[in-house]
Amino acid sequence: MTATTPAPGSVALITGGTGGFGRALATKLRALDVTVVLADLDSERNRQVATELDSSFVVLDVTDRAANAAVVAQVEAEHGRLDAAFLNAGIAGKSREALDVDEFLRVVDIDLFGVVYGTEAALPALRRAGGGSIVVTASLAGLSPMSTDPGYSVAKGGAVAFVRSMAPRLVGEDIVVTAICPGFADTAIIDPLREEFAKADFPVLTAEEVADAMIAAWTQGEPGAAYIVQPGIGAVPYKFKGVPSAKTASGETAVVPEALRPPSMR
Ligand SMILES: NC(=O)c1ccc[n+]([C@@H]2O[C@H](COP(=O)([O-])OP(=O)(O)OC[C@H]3O[C@@H](n4cnc5c(N)ncnc54)[C@H](O)[C@@H]3O)[C@@H](O)[C@H]2O)c1
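Here the residue numbers are simple positions, counted from 1 along each chain's written sequence. Confidence filtering applies because this is a predicted model: local features only for residues at pLDDT of at least 70, side-chain atom pairs given and counted only at 80 or more, and all residues used for totals across whole chains, interfaces and linings. Note: side-chain values were computed over all heavy atoms of the structure, leaving out hydrogens and water.

Colleague: I tried to follow helix H2 (residues 44-52) on my own but got confused; where do I start?
Modeller: Each residue is assigned to one of three classes by its accessible area relative to the maximum for its type, calculated with a 1.4 Å probe on protein chains only: buried under 20%, partly exposed between the two thresholds, exposed over 50%. By the criteria applied, helices consist of DSSP H or I runs no shorter than four residues and strands consist of E runs no shorter than two, each listed in order from the N terminus. Among all positions of H2, only Asn46, Val49 and Ala50 are buried. Taken end-on, H2 shows its buried residues confined to a sector of 95°, consistent with a single buried face. H2 presents Glu44, Thr51 and Glu52 as exposed residues on the side facing more than 90 degrees away from its buried surface. By definition in these notes, contact holds between two residues if any of their heavy atoms fall within 4.5 Å. Where H2 is buried, its residues meet helix H1 (20-31), strand E2 (35-40) and strand E3 (56-59). Looking one or two residues past H2, Asp54 carries a phi angle of roughly 55°, positive in sign. Arc definition: it is the arc formed by the directions from the helix axis to the C-beta atoms.

Colleague: Can you walk me through the nonpolar core in this structure?
Modeller: Nonpolar side chains in soluble globular proteins tend to end up buried together. Each nonpolar core is a collection of buried residues, namely Ala, Val, Leu, Ile, Met, Phe, Trp, Tyr and Cys, held together in the definition by side-chain atoms within 4.5 Å. Leu13, Val75, Leu82, Ile134, Val136 and Val177 are the most contacted members of the largest nonpolar core, which totals 44 residues. Elements that contribute at least two residues to this core include exactly strand E1 (11-15), E2, helix H3 (65-79), strand E4 (84-87), helix H4 (101-128), strand E5 (132-137), helix H5 (150-170) and strand E6 (175-182). For this core, the element with the highest residue contribution is H4, accounting for ten residues. Sequence-distant contacts of Val75, that is, excluding residues within four places in its chain, are made with Val11, Leu13, Val37, Gly80, Arg81 and Leu82.

Colleague: How do you make sense of the side chain of Lys156 when you look at a structure like this?
Modeller: Looking at where Lys156 falls in the secondary structure, it is placed in helix H5. For Lys156, the contacting residues outside a window of four places in its chain are Asp111, Thr137, Ala138, Ser139, Ala141 and Gly142.

Colleague: Looking at this structure, I do not really get the site of the ligand. What am I missing?
Modeller: Any residue with at least one heavy atom within 4 Å of a molecule or strand is counted as near it. Around the ligand, 28 residues are found, and the nearest of them are Gly20, Asp40, Tyr152, Ala185 and Thr187. Side-chain atoms alone can form a polar contact between residues adjacent in sequence; in general such a contact is a pair of N or O atoms within 3.5 Å, and within protein one must be able to donate a hydrogen while the other accepts it. Between the ligand and Val62 there is a distance of 3.0 Å, counted from a nitrogen atom to a backbone nitrogen or oxygen. A distance of 2.7 Å is found between an oxygen atom of the ligand and a backbone nitrogen or oxygen belonging to Ala185. Here the ligand has 830 Å² of accessible area as a free molecule, and 92% of this is covered by the chains. Breaking the shell around the ligand down by element, the ones donating at least two residues are H1 and H5. In this description, accessible areas are obtained by the Shrake-Rupley approach with a 1.4 Å probe, and a residue is regarded as covered only by the protein chains that are shown.

Below, the structure written as structure tokens:
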């Protein structure tokens, strides 16, 4: 998948925007003349990062549902529209316990519910813009179980399922929802593992490679697709295997009742 250029004058919101992927994405989008708003936790450092990237900064804790809506309202008030929401904020768990439920819930709150609240907030603005895009930063850990971090795997797997189940509901409104699923990439989130990767000569992605995939998902993404990003392969759509269909009493493949399909698919 190769990115095309977003329309001039487009406005993009990036949650977790002052982190590794957010900074790389903002740099590339500014070079394409996209107006960029970075939403992240409140700190002097984060404000400074946004200034350096010629982007606006808004304070957002993605676990605060009302705050997500307020941030989108602010983007529209200050920039007139919203064309793309990159729901990218995330943390990884660090616990060495077999199951640390407090940490599990914290990770799911940020990495999964942050995406749900961000989507809820962005949708009305994207509709007002006549359509647009939501790109969720999931992870390879959402497609392949990550036994070192079950909360992260559940959150990212949930994010992929959320994207796949939301996408058909929105195609009729020209709103495309996609997920990107990077492998390990060189940002602060892998600090605890960096030495191990270096020792094993294990290739990690650059944040720039991931940012390219995020832009391609915005400009070229297929609704509901989950794009794997891995060193040496670029961004490729994951091929979901599907599940066996039910059979009728006479052995025919059962067809899902129309009422269970989203209006756009009836
Ligand atoms: N780096 C990797 O190896 C990798 C691989 C796959 C997916 N991801 C995902 O990519 C996304 C971006 O991570 P990154 O690699 O840039 O790491 P990062 O730590 O550099 O950036 C994460 C950003 O999210 C912000 N954040 C954390 N909690 C937040 C909250 N409650 N509200 C708002 N912002 C919050 C942080 O302040 C930080 O700026 C995350 O969702 C992460 O899970 C990372």
